[in-house]
Amino acid sequence: MKQIGKIGLTFILTAALCACTQTVDHHGKTPLVEVGNNFLYKEDLQLVMPVGIAGEDSANFAKEYIQNWVEDVLLYQKAEGNIPDNAKIKDLVASYRKALVVHTFQEELVNQEVANSITDAEIETYYKQNTSAFRADQPYVQGLYLKVPIKAKDLAKVRVWYKKNTEDAVDKLEKYGISNAVDYSYFYDRWLPVSELAQKLPLKELDTDTDYLNRKKDVEVNDTAFCYFLHVENFIPQGETLPLEYAKNEIKEILINLKRVDFINKMRADLYKQASDKNKVIYYKNSNE
């Protein structure tokens, strides 16, 4: 839980002591201020306090937040008492709640029923039929990346290990990285866009030469503080088709969206039929007809 500074806490406790003393069940919470049976609690304020804030900053934040809360409540009460057609507002709220409940229910069903019904065979079929939609907009690589302080021990061993895709070498790097690495990424089992690696390495070629990592599989660069190691095991050039394992999640979302409308329409039709069969839907004939 975020902590409130000493001055902020003093302000809060003072506000709480000034609060109305009427008997109200606050369910274990500490009231700070009451406006027309609406309460703001210390626990609610603590949830919105910025991390690390203290002292006078904490007190000022608490004071401003409470002031805004009080003004919002007063404005709402003023507005509620001066809306000429309050029934219309209630109808709009009810309509919005109905739409929100139905949408949430439908999405839950879609996620449960449709998502779980999509097979790997369907995904692969869609992939084969739409390969042009999965062209790499930049190079992608599989491999390993390591960043260590320039004065770290055993760098000579790292220079040997990072170039090898063997269980022994990877195991040694992982153990080494626990104690020495500032950043370590193992991505032999997934594809990363080169732009993501370009943000990690001080190597301008990654921004200017799209085929650089296809020619140079092992990269070591330094700056004044760190050594950076990158081994490229596999490379996909820009414009080539991305592998199925990379596109799988995207394809699944596409198939879910394609099936969503049919699923919802079928569910609505089924509900209507079930209700009709049980005589729960009653149509009244218009007397003017």
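These numbers come from a predicted model, not from an experiment.

Calculation criteria
- Residues numbered from 1 in each chain as written.
- Predicted model: local features only at pLDDT ≥ 70, side-chain atom pairs only at ≥ 80, totals over all residues.
- Heavy atoms only, no water.
- Helix = DSSP H or I, 4+ residues; strand = E, 2+ residues; numbered from the N terminus.
- Buried < 20%, exposed > 50% of the residue type's maximum accessible area, 1.4 Å probe, protein only.
- Pairing = 2+ DSSP bridges.
- Core = buried A, V, L, I, M, F, W, Y, C linked by side-chain atoms within 4.5 Å.
- Contact = heavy atoms within 4.5 Å.

### Focus on unusual backbone geometry
Peptide bonds are trans in most cases, and residues, glycine excluded, mostly fall at negative phi.
Then, in step 1: A positive phi angle, close to 70°, is found at Asn37, a residue other than glycine.
Then, in step 2: Mapping Asn37 onto the fold places it in the loop between β1 (31–35) and β2 (38–41).
Then, in step 3: The phi dihedral of Asp154 falls on the positive side, at around 60°, and the residue is not glycine.
Then, in step 4: Following the sequence through the fold, Asp154 ends up in the loop between β3 (140–149) and α6 (155–161).
Then, in step 5: Judged by relative accessible area, Asp154 falls into the partly exposed class, the value being 36%.

### Quick look at the pairing of β3
Then, in step 1: Extensive coverage of β3 is indicated by the burial of nine of its 10 residues.
Then, in step 2: Of the strand pairs in this sheet, β3 and strand β4 (residues 183–193) are connected by seven bridges, and their pairing is antiparallel. Counted as the bridge partner of Val141 is Leu192 from β4.
Then, in step 3: Both β3 and strand β6 (residues 226–236) contribute to a ladder of 10 bridges, which runs antiparallel. Bridged to Leu146 within β6 is Phe229.

### Side note on the nonpolar core
Then, in step 1: Counting residues in hydrophobic clusters, the biggest one holds 18 residues, and the most contacted among them are Val141, Leu201, Leu206, Leu213, Val219 and Leu230.
Then, in step 2: For this core, the secondary structure elements donating two or more residues are β3, β4, α8 (194–198), α10 (212–215), β5 (218–222) and β6.
Then, in step 3: For this core, the leading source of residues is β6, giving four residues.
Then, in step 4: Ignoring any residue separated from it by four or fewer positions in sequence, one finds Leu206 in contact with Val194, Leu197, Ala198, Leu201, Tyr212 and Leu213.
Then, in step 5: Grouped together as the second largest cluster of nonpolar side chains are 14 residues, Leu146, Leu155, Tyr176 and Cys227 included.

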